[in-house]
Amino acid sequence: RAWVSLEGGVAAFDPEQALKDSPGYGLRGGYFFNRWVGVEGLFVTSSPNLEQPALGSGSFSHFGGGLIVTPDRYRWVLPYLYAGLGSAKAENAAGSKTAGSFHGGGGVVVRAGERLGFRIDARDITYSQEGGPGRDTRVHTMYLSAGVTVVFDQCDAAGRCRKYPF
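Residues numbered from 1 in each chain as written. Predicted model: local features only at pLDDT ≥ 70, side-chain atom pairs only at ≥ 80, totals over all residues. Heavy atoms only, no water.

**Q** Account for the pairing of strand β2 (residues 22–32), with residues named and values stated.
**A** Pairing of strand β1 (residues 2–13) with β2, which is carried by ten bridges, proceeds in the antiparallel orientation. Across the sheet, Ser5 pairs through a bridge with Arg28, a residue of β2. Summarising the sheet, β2 and strand β3 (residues 37–46) pair through nine bridges and their orientation is antiparallel. The partner of Arg28 across the bridge, within β3, is Leu42. (Pairing = 2+ DSSP bridges. Helix = DSSP H or I, 4+ residues; strand = E, 2+ residues; numbered from the N terminus.)

**Q** Before we move on, could you go through the pattern of salt bridges and cite the residues and values that matter?
**A** The tally for this structure, following the rule as stated, stands at six salt bridges. The salt bridge involving Asp121 is made with Arg28; its shortest N-O contact spans 3.3 Å. Within this pair, whereas Asp121 is found in strand β7 (residues 116–129), its partner Arg28 is found in strand β2, the two being separated by 93 residues in sequence. Its relative accessible area of 4% is what places Asp121 among the buried residues. Residue class for Arg28 comes out buried when judged on its relative accessible area of 1%. Taking the shortest distance from any N to any O, the salt bridge between Glu40 and Arg119 comes out at 3.4 Å. Taken together, the residues span a long stretch of sequence, with Glu40 in strand β3 and Arg119 in strand β7 at a distance of 79 residues. Pair check on accessibility: Glu40 and Arg119 agree, each one buried. (Salt bridge = Lys/Arg side-chain N within 4 Å of Asp/Glu carboxyl O. Buried < 20%, exposed > 50% of the residue type's maximum accessible area, 1.4 Å probe, protein only.)

**Q** Tell me about the nonpolar core, and please be specific about residues and values.
**A** In terms of nonpolar packing, the biggest core is built from 13 residues, with Phe13, Phe60 and Tyr127 touching the most fellow members. The contact partners of Phe60, leaving out residues within four places of it in the chain, are Phe13, Gln17, Val44, Thr45, Ser46, Pro48, Ala88, Lys89, Ala90, Ile125, Tyr127 and Thr141. Counting eight residues, the second-largest nonpolar core is a separate cluster that includes Trp3, Phe32, Leu78 and Tyr80. (Core = buried A, V, L, I, M, F, W, Y, C linked by side-chain atoms within 4.5 Å. Contact = heavy atoms within 4.5 Å.)

**Q** Any details on the sheet that holds strand β8 (residues 137–152)? Residues and values, ideally.
**A** In a beta sheet, neighbouring strands are held together by backbone hydrogen bonds and run either parallel or antiparallel to one another. Here we have eight strands rolled up into a closed barrel, ordered β1-β2-β3-β4-β5-β6-β7-β8, and antiparallel in their pairing. Taking each pair of neighbouring strands and ignoring which way they run, the sheet shows an average axis angle of 25°. Pairing of strand β4 (residues 59–69) with strand β5 (residues 77–92), which is carried by eleven bridges, proceeds in the antiparallel orientation. Within β5, the position partnered with Ser61 by the bridge is Lys89. (Axes fitted to C-alpha atoms, helices over the stretch in contact; angles between N-to-C directions.)

**Q** Help me get a handle on the side chain of Asp121, residues and values and all.
**A** At 2.9 Å, the side chain of Asp121 and the side chain of Tyr82 are in polar contact. Contact partners of Asp121, with chain neighbours within four places excluded, come to Arg28, Tyr80, Tyr82, Gly106, Gly107, Tyr143, Leu144 and Ser145. (Polar contact = N/O pair within 3.5 Å; in protein donor to acceptor, adjacent residues only side chain to side chain.)

**Q** Describe the environment of Ser145, with residues and values.
**A** Among the structural elements, Ser145 can be located in strand β8. The class for Ser145 is buried, based on a relative accessible area of 7%. The spatial distance from the C-alpha of Ser145 to the C-alpha of Gly105 is 11 Å, given a sequence separation of 40 residues. If we skip the residues at most four places from it in the chain, Ser145 touches Glu7, Gly8, Gly9, Arg119, Ile120 and Asp121. At 3.4 Å, the side chain of Ser145 forms a polar contact with the side chain of Glu7.

**Q** So what's going on with a nonpolar patch on the surface? Residues and values would help.
**A** A contiguous nonpolar surface patch, about 470 Å² in accessible area, is contributed by Val4, Leu6, Leu27, Phe43 and Phe63. Its place among the elements puts Leu27 in strand β2. (Patch = residues over 30% accessible without salt bridge, like charges linked within 9 Å, V, L, I, M, F, W, Y side chains within 5 Å. Areas by Shrake-Rupley, 256 points an atom, 1.4 Å probe, with all protein chains shown as cover.)

**Q** Before we move on, could you go through the pairing of strand β6 (residues 95–111) and cite the residues and values that matter?
**A** Note: β5 against β6, 16 bridges, orientation antiparallel. Within β6, the position partnered with Gly84 by the bridge is His103. With eleven bridges connecting them, β6 and β7 associate as antiparallel partners. Bridging from a neighbouring strand, Val108 pairs with Ile120 of β7.

Here you go:
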């Protein structure tokens, strides 16, 4: 009923954030209440360079939690949608700011056995930037990622259920 993923990808920042697009890394874990609905927690971090005319590097991190839905988590190919709330922290030429955020996205996990899968995901992280390098406005960070997922299911992809000792 649960899965854990390690992922890597690309963080694409809003021009108002004054951060260049850069690689990102993340961790996420989810637990399903039934075949269709669950909760998921996630974390992503990135160390982008600053946009000109500023020099140096900045940082961006986001952690959050929310609901995840899938048509049937027992299948070999698991499309899903999720949305939730969290916190985004951006460090750039204007300093370091933390703000409440909303995230939403979707993707697919392709299982390569009962316990292992590969994930492709797209997420939009949005929050209100105040006192940043650009205008005080709502900004969006897109995070496109791929990763390896370990599945801790009590039922396999064919729907046969068994008890695991954990």
